[in-house]
Amino acid sequence: MIAQNLTEVRRRIEEACKKSGRDISEVTLISVSKTKPVSMLKEAYDAGSRDFGENKVQELTEKMPVLPDDIRWHMIGHLQTNKVKYITGKVSLIHSIDTLHLAEAVEKESAKAGIKTPVLIEINEAGEDSKFGTSDEAANTELIKRVSDLPHIELKGLMTIAPYTEDPESNRKYFSALREFSLRPEFKDCFAGHPLLSMGMTGDFEVAVEEGAHFVRVGTGIFGERDYGIH
Ligand SMILES: *Cc1c(COP(=O)(O)O)cnc(C)c1O
């Protein structure tokens, strides 16, 4: 089931790349495995997945040691400053830097460990209250500039979570806005290389790829519906 789902998601990413004239090698599919048991992650691993996304530090640090060490782990959920120390040096990319305070915590732990931590800044393009980050452009500009100055942080790009919708086309404007924002001339020296964009989930990843996504975060489309135990 999982292997089949992965094949189908990859096929759809390839289609979206073709449609938009992009090279498939520019797009990384992250298998979002939050709430799912290790056995299911193993299945995805065996089907070729090497990038996994989790949104809770505890779940991440529990799964990490029992799975192969060539997995690239992505922290995609809201991160509390007091938990930064548990994932520093262990994750491949933190997608969810939403305040300078959090960036400074990552900076401090990275300096202690003598490493540079790759991060993305989370932008709340649609301005939804339920999401972290802000849609305030001046605040985001300031955040990007300040974070890019931190010596033990490698600012690689931006991330957004678009609204839940039945109509993926309705999220296109948020994805293109994120790309355009990332390419502003004033950020020319802020990103380590071409700015990378983390955008697109099960409901809208093809549109995100067409709009320039480098990371798509797909959970339900690979592992099926999540059961949070709340009914
Ligand atoms: C859960 C989650 C996803 C995956 O959502 P699906 O709709 O199941 O694909 C992607 N990004 C973030 C930040 C998430 O928390």
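This text goes with the structure placed above it.
Computed from a predicted structure; not experimentally measured.

With respect to the nonpolar core
- Counting residues in each nonpolar core, the largest one holds 58 residues, and the members touching the most others are Ile 13, Trp 73, Ile 94, Ile 121, Ile 144, Leu 158 and Val 216.
- The dominant element in this core, judged by the number of residues it contributes, is helix α1 (residues 2–20), at six residues.
- Dropping the residues within four chain positions of it, Ile 13 is found in contact with Ile 24, Val 27, Leu 29, Phe 205, Val 209 and Val 216.

Let's talk about the layout of surface pockets
- In this structure, the largest pocket encloses a volume near 740 Å³.
- Forming the walls of the largest pocket are 26 residues, and the residues nearest its centre are Lys 34, Ile 161, Tyr 164, Met 201 and Arg 226.
- Grouping the amino acids of the lining of the largest pocket by side-chain chemistry returns ten nonpolar, nine polar and seven charged.
- A volume near 210 Å³ is recorded for the second largest pocket.
- Arg 10, Ile 13, Val 27, Thr 28 and Leu 29 are the residues nearest the centre of the second largest pocket, which is lined by 13 residues in total.
- When contributions to the lining of the second largest pocket are tallied by element, the ones reaching two or more residues are α1 and β1 (28–32).
- Looking at the lining of the second largest pocket, its residues break down into five nonpolar, four polar and four charged.

Considerations on the side chain of Thr 160
- With respect to the secondary-structure elements, Thr 160 resides in the loop between β6 (153–159) and α7 (172–182).
- Apart from the residues lying within four places of it in its own chain, the contact partners of Thr 160 are Ile 123, Asn 124, Glu 125, Phe 175, Leu 178, Ser 198, Met 199 and Arg 217.

Concerning α7
- Turning to α7, its buried residues are Tyr 174, Phe 175, Ser 176, Leu 178, Phe 181 and Ser 182.
- In this fold, the buried residues of α7 make contact with α6 (137–148), β6, β7 (196–198) and α8 (205–210).

What to know about α1
- In this model α1 runs 27 Å from its N-terminal to its C-terminal C-alpha over 19 residues, within 8% of the 27 Å that 1.5 Å per residue would give.
- Considered for burial, the residues of α1 that qualify are Ile 2, Asn 5, Leu 6, Val 9, Ile 13, Ala 16 and Cys 17. Taken down its axis, α1 places every buried residue within 115° of arc, on the same side. Within α1, the exposed residues directed more than 90 degrees away from the buried face are Gln 4, Lys 18 and Lys 19.
- The inward-facing, buried residues of α1 abut β1, α2 (38–46), α8, β8 (215–218) and α9 (220–223).
- Following α1 by one or two positions, Gly 21 has its phi on the positive side, about 70°.

Here we look at the site of the ligand
- If you check the shell around the ligand, you find Val 32, Lys 34, Ile 76, Ile 161, Met 201, Thr 202, Arg 217, Val 218, Gly 219, Thr 220 and Arg 226 and nothing else.
- Lys 34 places a side-chain nitrogen or oxygen 2.6 Å from an oxygen atom of the ligand.
- Here Arg 217 contributes a side-chain N or O atom positioned 2.8 Å from a nitrogen atom of the ligand.
- Protein coverage of the free-state accessible area of the ligand, which is 390 Å², stands at 89%.

Examining the packing of aromatic side chains
- Here the structure, examined in full by the defined rule, presents three aromatic pairs.
- Aromatic side chains Phe 52 and Trp 73 sit 5.8 Å apart centroid to centroid with 40° between the ring planes, which places their arrangement in the tilted category. Of the two residues, Phe 52 is situated in strand β2 (residues 51–54) and Trp 73 in strand β3 (residues 72–75); the sequence distance between them amounts to 21 residues. Just as Phe 52 is buried, Trp 73 falls in that class too.
- Measuring from centroid to centroid gives 6.2 Å for Phe 187 and Phe 191, while their planes differ by 80°, and the two rings are edge-to-face. Taken as a pair, Phe 187 and Phe 191 share a single burial class, namely buried.

With respect to unusual backbone geometry
- With phi around 70°, Thr 35 is a residue other than glycine that occupies positive phi space.
- Mapped onto the elements of the fold, Thr 35 is located in the loop between β1 and α2.
- For Thr 35, a relative accessible area of 30% corresponds to the partly exposed category.

Cut-offs used in this document
- Residues numbered from 1 in each chain as written.
- Predicted model: local features only at pLDDT ≥ 70, side-chain atom pairs only at ≥ 80, totals over all residues.
- Heavy atoms only, no water.
- Core = buried A, V, L, I, M, F, W, Y, C linked by side-chain atoms within 4.5 Å.
- Buried < 20%, exposed > 50% of the residue type's maximum accessible area, 1.4 Å probe, protein only.
- Helix = DSSP H or I, 4+ residues; strand = E, 2+ residues; numbered from the N terminus.
- Contact = heavy atoms within 4.5 Å.
- 1 Å grid on protein atoms, 1.4 Å probe; cavity = no way out; pocket = protein on both sides within 12 Å on 5 of 7 lines; lining within 4 Å.
- Points joined across faces, edges and corners; volume = space filled by probe spheres on them.
- Nonpolar A, V, L, I, M, F, W, Y, C, P; charged D, E, K, R; others polar.
- Expected span 1.5 Å × (residues − 1).
- Arc of directions from axis to C-beta.
- Near = heavy atom within 4 Å.
- Polar contact = N/O pair within 3.5 Å; in protein donor to acceptor, adjacent residues only side chain to side chain.
- Areas by Shrake-Rupley, 256 points an atom, 1.4 Å probe, with all protein chains shown as cover.
- Phe/Tyr/Trp six-rings, centres within 6.5 Å; stacked < 30°, edge-to-face > 60°.

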